[in-house]
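Breakdown of the fold
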Amino acid sequence: MAMQNAKVQTHIDAILKSEDCLIEDLTRMRESNENLQEQLEDAQKCISALMAQRSILLKEREELKQSKFTTKSEQSLSTDSEQNLSRTKHNNSFASAPNLSK
């Protein structure tokens, strides 16, 4: 009977040791999970910041496109006005020139 009690006690000790190891593993896993959770939160903050920056950059790019379009339109209008003025001056110079065909 003593031998049987010793075997049972050895078996119980092995089970307890196994449970202690499992508890240690779970504790390390929990700590690791908490670290991963913190890293995930940091990554999400970075992603949010990057998305906000991207939004700003897209808006600035669109404004630059509009600005270039406006500038090109203004340049086009200016060039057209200069050409019309030049033509008018040219036509006026012919109109005011003495008639050489006489």
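The structure contained in this document is the topic of the report that follows. Nothing here was measured: the structure is a model prediction, and the numbers come from that model.

Criteria and cut-off values
- Residues numbered from 1 in each chain as written.
- Predicted model: local features only at pLDDT ≥ 70, side-chain atom pairs only at ≥ 80, totals over all residues.
- Heavy atoms only, no water.
- Helix = DSSP H or I, 4+ residues; strand = E, 2+ residues; numbered from the N terminus.
- Buried < 20%, exposed > 50% of the residue type's maximum accessible area, 1.4 Å probe, protein only.
- Areas by Shrake-Rupley, 256 points an atom, 1.4 Å probe, with all protein chains shown as cover.
- Patch = residues over 30% accessible without salt bridge, like charges linked within 9 Å, V, L, I, M, F, W, Y side chains within 5 Å.
- Salt bridge = Lys/Arg side-chain N within 4 Å of Asp/Glu carboxyl O.
- Lys, Arg positive; Asp, Glu negative; His and termini not counted.
- Charge placed at Lys NZ, Arg CZ, Asp CG, Glu CD.

**Examining the overall build of the protein**
- The number of helices and strands found in the protein is 1 helix and 0 strands.
- Relative to its 102 residues, the protein shows a buried fraction of 0%.
- Entry remark: accessible area of the protein is about 9700 Å², with carbon and sulfur atoms responsible for 58%.

**Some points on a nonpolar patch on the surface**
- Taken together, the side chains of V8, I12 and L16 make up a nonpolar region of the molecular surface, amounting to roughly 230 Å² of accessible area.
- Within the secondary structure layout, V8 lies in helix α1 (residues 2–96).
- Overall, V8 belongs to the partly exposed group, its relative accessible area being 44%.

**Side note on a negative patch on the surface**
- A cluster of like negative charges, contributed by E31, E34, E38, E41 and D42, occupies part of the molecular surface.
- Within the fold, E41 resides in helix α1.
- We classify E41 as partly exposed; its relative accessible area is 38%.

**Describing the pattern of salt bridges**
- Tallied over the entire structure, the rule returns 1 salt bridge.
- Here R28 and D25 are joined by a salt bridge, their closest N and O atoms 2.4 Å apart. Taken together, the residues span about one helical turn, with R28 and D25 both in helix α1 at a distance of 3 residues.
- Taking relative accessible area as the criterion, R28 reaches 48% and is therefore assigned partly exposed.

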